[in-house]
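# Coordinate analysis (summary)
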Amino acid sequence: MESLRKTRLLRMLLVDDDEDDYLIFRDMLSEFKNWEVQLQWISSYEAALELPKPGFYDVCLMDYRLEPGNGIELMKKFQKDGFTFPVIILTSHGDHEVDMEAMREGAADFLDKGQVNSQLLERSIRYSIEHCKNLEALRQSENQLRILSSKLMEAQENERKRVAHELHDSIGASLTAVKYGLELEVTRAGEGKRCLDGAVLGQLTSTVEATIKDLKRIYGNLRPLILDDLGILAAMRSLVRQFREVRPNASLVETIDAEEHEIPEGIKIVIYRIIQEALNNISKHSDADQVELALSNKRGIVLLSIRDNGRGFDLREILMEDDHRHKLGLQSMKERAELSGGAFTIVSSKGKGTTIKVTWPVS
Ligand SMILES: Nc1ncnc2c1ncn2[C@@H]1O[C@H](COP(=O)(O)OP(=O)(O)OP(=O)(O)O)[C@@H](O)[C@H]1O
Ligand SMILES: [Mg+2]
């Protein structure tokens, strides 16, 4: 079984000013069975400072005693220069203080030269590399989280701006017109004119009607009231109706295979927003003439799927575009789905349309 395992390349840097130690480590490394070790030995502190490009090694063994500095100082310099490989600090005599300092400063492990053997060394390297990979994954996910929260703040700010403009342009403007109309009537009354001006009042009534309509549209966008009043199935049909109005040439087939009570309350708004964004994308980007929208609850799994036969796209290309950070639709669909306990998949390829599927396990 052992012989079937593939040997992997291990690029290792050893910084140690003692040639005997280098020879001992070289012998130990030659005993490694699953790794083919490519060892580079650097014999002084100064030579280590001259090292070129970071990221070239899988692991570094670093002697603590390195005149004129020490191994921990050198490791910190490496880290500052962007080297991300794990560093294992070596001492000739186990020194608890050095061990603690090495750990604090980010060393992956600490080994006593007097006690190390090939097996121990192999194990320490394996653990150090794995630990370093996990740290890197954590760093990346923290980074993603940072990008995401800044995107969310940006989206929130944009939404506030949009609502402020809408309120200013429609409600603000209409109320100003109503105020002038009313003032006119008040002036007329002040001048002793008893009867109201029918034309002005008629105008005011239709302005108020239009304002109510605008207001409904604005709060309807903020929170789909139809969802609270009539439920997700009615809300879905309303989105379907809106899509048909905007895209009369595309045929949209909806298949609803679930009762209202079979869809958990908590995911209704998620379903609504995902359908809304997916249909928006279809009408903005796809040029599809056939669209299928389906919602079902079978054997405890709620499945939402939205498919179009439009131009499709290459997700990798989209992610590489400079402005992809400003495109929020796909990202927010995925995040909404996952935050609500669902699994989100999107399959799309150029010329072959796009299919979005979300499943939620429900009891
Ligand atoms: N159904 C679709 N058919 C074809 N292309 C699509 C479809 N859905 C998305 N795309 C492509 O994927 C890109 C990313 O979509 P996404 O919804 O994230 O952003 P957007 O629609 O461009 O902007 P936003 O949704 O933030 O207003 C789109 O710009 C488009 O190129
Ligand atoms: Mg979009």
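Rules of the game
- Sequence order sets the numbering: in each chain, residues are counted from 1 along the sequence as written.
- All chains are assigned letters beginning at A, and all ligands numbers beginning at 1, according to the order in which they are written.
- The predicted origin of the model limits local features to residues at a pLDDT of at least 70 and limits the giving and counting of side-chain atom pairs to 80 or more, whereas totals for whole chains, interfaces and linings rest on all residues.
- Excluded from the side-chain calculations are hydrogens and water; all other atoms, namely the structure's heavy atoms, are used.
- A score between 0 and 100, pLDDT records how confident the predictor is in each residue.
- In this analysis, two residues are considered to be in contact whenever any of their non-hydrogen atoms come within 4.5 Å of each other.
- Pairing between strands is defined by DSSP: at least two bridges between them are needed.
- Working definition: helices are DSSP H or I runs of at least four residues, strands are E runs of at least two. Numbering for both runs from the N terminus.
- Geometry is summarised by axes, namely lines fitted to C-alpha atoms with helices restricted to the contacting stretch, and by angles between N-to-C directions that run from 0 to 180 degrees.
- As a rule, N, O and S atoms within 2.8 Å of a metal are its donors, except that Na, K and Ca use 3.2 Å; water is not among the atoms, so sites may look incomplete.
- The scheme is simple: roughly parallel for angles under 35 degrees, roughly antiparallel for over 145, roughly perpendicular for 65 to 115, oblique for anything else.
- Under the grouping applied here, Gly and all other residues not named as nonpolar or charged are polar, the nonpolar ones being Ala, Val, Leu, Ile, Met, Phe, Trp, Tyr, Cys and Pro and the charged ones Asp, Glu, Lys and Arg.

### A closer look at the confidence of the model for the chain
For the chain, mean pLDDT is 90; residues scoring 70 or higher make up 96% of the total. Under a pLDDT of 50 for its full length, residues 1-6 has, in the predicted model, four contacts with residues more than four places off or in other chains.

### Considerations on the sheet that holds strand 2 (residues 35-42)
If you trace the five strands from one edge of the open sheet to the other, you get 2-1-3-6-7, paired in parallel fashion. Edge positions in the open sheet fall to strand 2 and strand 7 (109-112), since each of these has one partner strand only. Averaged over all neighbouring strand pairs, the angle between strand axes comes to 25 degrees, with direction disregarded. Across the sheet, helix 1 (residues 19-30) lies against strand 1 (8-15), strand 2, strand 3 (59-63) and strand 6 (87-91), angled at about 170 degrees from strand 2, the strand it touches most.

### As for the coordination of the magnesium ion (ligand 2)
Protein-derived ligands of the magnesium ion (ligand 2) are Glu277 (OE) and Asn281 (OD1), with the metal-ligand distances lying across 2.0 to 2.2 Å. Here Asn281 and Glu277 lie together in helix 9 (residues 265-286), a separation of four residues that amounts to about one turn.

### Topic: the packing of helix 1 against helix 5 (residues 118-190)
The contact between helix 1 and helix 5 brings their axes to 9 Å, and the two run at 80 degrees. When the interaxial angle is binned, helix 1 and helix 5 end up roughly perpendicular. Contacts between helix 1 and helix 5 pair Phe25, Met28 and Leu29 from the former with Ser118, Leu121 and Ile125 from the latter. Along the lines of polarity and charge, the residues of the contact of helix 1 with helix 5 split into five nonpolar, one polar and no charged.

### As for unusual backbone geometry
Going from Glu67 to Pro68, the amide bond is cis rather than trans, its omega being 5 degrees. With respect to the helices and strands, Pro68 occurs in the loop between strand 4 (65-66) and strand 5 (69-70). Of note, Asp287 is a non-glycine position whose phi angle comes to about 60 degrees, a positive value. Position of Asp287 among the secondary structure elements: in the loop between helix 9 and strand 9 (290-298). Positive phi is not limited to glycine here, since Arg299 has a value of about 45 degrees.

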